[in-house]
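One-letter residues, chain by chain:
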Amino acid sequence: MGNKVFLDGKLVDREEAKVSVFDHGLLYGDGIFEGIRVYSRCIFKLKEHLDRLFESAHSIMLSIPMTKNEIENAIIKTLKANRLSDGYIRLVVTRGVGDLGLDPNKCKVATIFIITDKIKLYPEEFYRKGLAIVTVPTMRNLPETLNPSIKSLNYLNNIMAKIEACNAGCIEAIMLNKDGYVLECTGDNVFIVKRGKLITPPTYLGALEGITRNAIIECAKKLKIACEERILTRHDLFNADEIFLTGTAAELIPVVEVDKRTIGDGKSGAISLKLLKAFRAITPKDGVKYSL
Ligand code: PMP
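Described below are features of the structure shown in this document. As the structure is a prediction and not an experimental result, all values here were calculated from the model.

Thresholds, definitions, all that
Residues numbered from 1 in each chain as written. Predicted model: local features only at pLDDT ≥ 70, side-chain atom pairs only at ≥ 80, totals over all residues. Heavy atoms only, no water. Helix = DSSP H or I, 4+ residues; strand = E, 2+ residues; numbered from the N terminus. Rg over C-alpha atoms; globule rule 2.2 N^0.38 Å. Buried < 20%, exposed > 50% of the residue type's maximum accessible area, 1.4 Å probe, protein only. 1 Å grid on protein atoms, 1.4 Å probe; cavity = no way out; pocket = protein on both sides within 12 Å on 5 of 7 lines; lining within 4 Å. Points joined across faces, edges and corners; volume = space filled by probe spheres on them. Nonpolar A, V, L, I, M, F, W, Y, C, P; charged D, E, K, R; others polar. Near = heavy atom within 4 Å. Areas by Shrake-Rupley, 256 points an atom, 1.4 Å probe, with all protein chains shown as cover. Core = buried A, V, L, I, M, F, W, Y, C linked by side-chain atoms within 4.5 Å. Contact = heavy atoms within 4.5 Å. Salt bridge = Lys/Arg side-chain N within 4 Å of Asp/Glu carboxyl O. Patch = residues over 30% accessible without salt bridge, like charges linked within 9 Å, V, L, I, M, F, W, Y side chains within 5 Å.

## Some details on the overall build of the protein chain
On a plain count of helices and strands, the protein chain comes out with eight helices and 16 strands. In summary, the protein chain has a C-alpha radius of gyration of 19 Å against a globular reference of 19 Å for 292 residues, a match within 12%. Along the first, second and third principal axes, the C-alpha set of the protein chain runs to 55 × 45 × 30 Å. The buried share of the protein chain, reckoned over its 292 residues, is 50%.

Dropping the structure here:
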């Protein structure tokens, strides 16, 4: 169990890891975060995660009180303290403590914390059998409102979609944009396979540029599987040969049913499983290594 948490420059016990009720991360969801995986003492794609964190911060004019290097060292220190060689890292930066008004200028210093823990993935059989999922009424935020490229602490939009998925007896939901085009899931990107080719929605429509998504595109290139970013409709989903989701926690998980339509032959697809294997081969290598 991870029992030390990095909080504002110090390692503290899990029970002592508390933030103020005046923190704007809590009061307004004013903050940003990253979810990162560790595989065999390798922090997978750490550079990419830190770049995305700093881009989110720049966009919301949040000054992170540590450099990328300092954050990297703090992550390693936390992993070492918890003796973790495999697990999940939650890196969070909030606007910090302010007053009850919205004004972020009243928050003098950002709050930064790093939680590391073991991760409980979907059971292995889900990867073999695949998921049944639904499309839901809650749309993804418009890029013109809260841009989904900002990985903010404001996840209510995704939580609404998750509730709708749970109400339908599913564990994931496909979210569409205002025109009904497919964007992504509540915490994962989505790909289809059609006639041997990989297709995923373009991020400019309002999907997060997932680090796993990009890693899967890299794997596809190496395997000479063509990949295209283009607009997808529900019809495209229903008639895909294969569908899979990608994300830091899920890695790559096949989907075999969408809105009660069977996808392909109703089994995890061959290309999906080939990509999952290729992805799992790079995870313990492609990142920042440390020793315990
Ligand atoms: N979309 C959303 C909305 C997410 O929250 C996440 C991960 N948290 C993803 C996609 C997948 O991104 P990544 O591969 O970087 O984890």
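## Overview of the layout of surface pockets
Roughly 690 Å³ of volume is contained in the largest pocket. Around the largest pocket sit 33 residues that line it, and Y88, T186, G187, D188 and A249 are the ones nearest its centre. When residues of the lining of the largest pocket are traced back to their parent elements, those giving at least two are β3 (31-39), β5 (87-94), α5 (156-167), β9 (182-185), α6 (211-222) and β13 (242-247). Looking at the lining of the largest pocket residue by residue, the class counts come to 13 nonpolar, ten polar and ten charged.

## With respect to the site of the ligand
Around the ligand, a shell composed of 18 residues is seen, among which K151, Y155, E184, T212 and T248 lie nearest. Contact with the protein chains hides 93% of the accessible area of the ligand, taken as 390 Å² for the molecule alone. Those elements giving two or more residues to the shell around the ligand turn out to be β9, α6 and β13. The class makeup of the residues in the shell around the ligand is four nonpolar, nine polar and five charged.

## Observations concerning the nonpolar core
Judged by nonpolar contacts, the single largest core of 39 residues is most densely connected at I243 and L275. Beyond its immediate chain neighbours, meaning those up to four positions away, L275 contacts L198, I216, C219, A220, L223, I225, F244 and L252. Core analysis: the next-biggest nonpolar cluster, separate from the first, contains 27 residues, L46, L50, I89 and I150 among them.

## Focus on the pattern of salt bridges
A full pass over the atoms with the stated rule returns 20 salt bridges. One salt bridge connects R280 with E251, and the closest N-O pair in it is separated by 2.9 Å. Linking R280 in helix α8 (residues 270-282) with E251 in strand β14 (residues 251-258), this pair joins segments that are 29 residues apart in sequence. Given a relative accessible area of 29%, R280 falls into the partly exposed group. For E251, a relative accessible area of 3% gives the class buried. A salt bridge links K260 to E257, with the nearest nitrogen and oxygen atoms 4.0 Å apart. Judged by relative accessible area, K260 falls into the exposed class, the value being 73%. A cluster of three or more residues bridged by salt bridges with shared partners is formed by R37, E124, E251 and R280.

## Description of a nonpolar patch on the surface
A cluster of nonpolar side chains, namely V21, F22, L26, L27, Y28, V97, L100 and L102, defines an oily patch on the protein surface of about 770 Å² accessible area. One can find L26 in helix α1 (residues 24-28). Judged by relative accessible area, L26 falls into the exposed class, the value being 57%.

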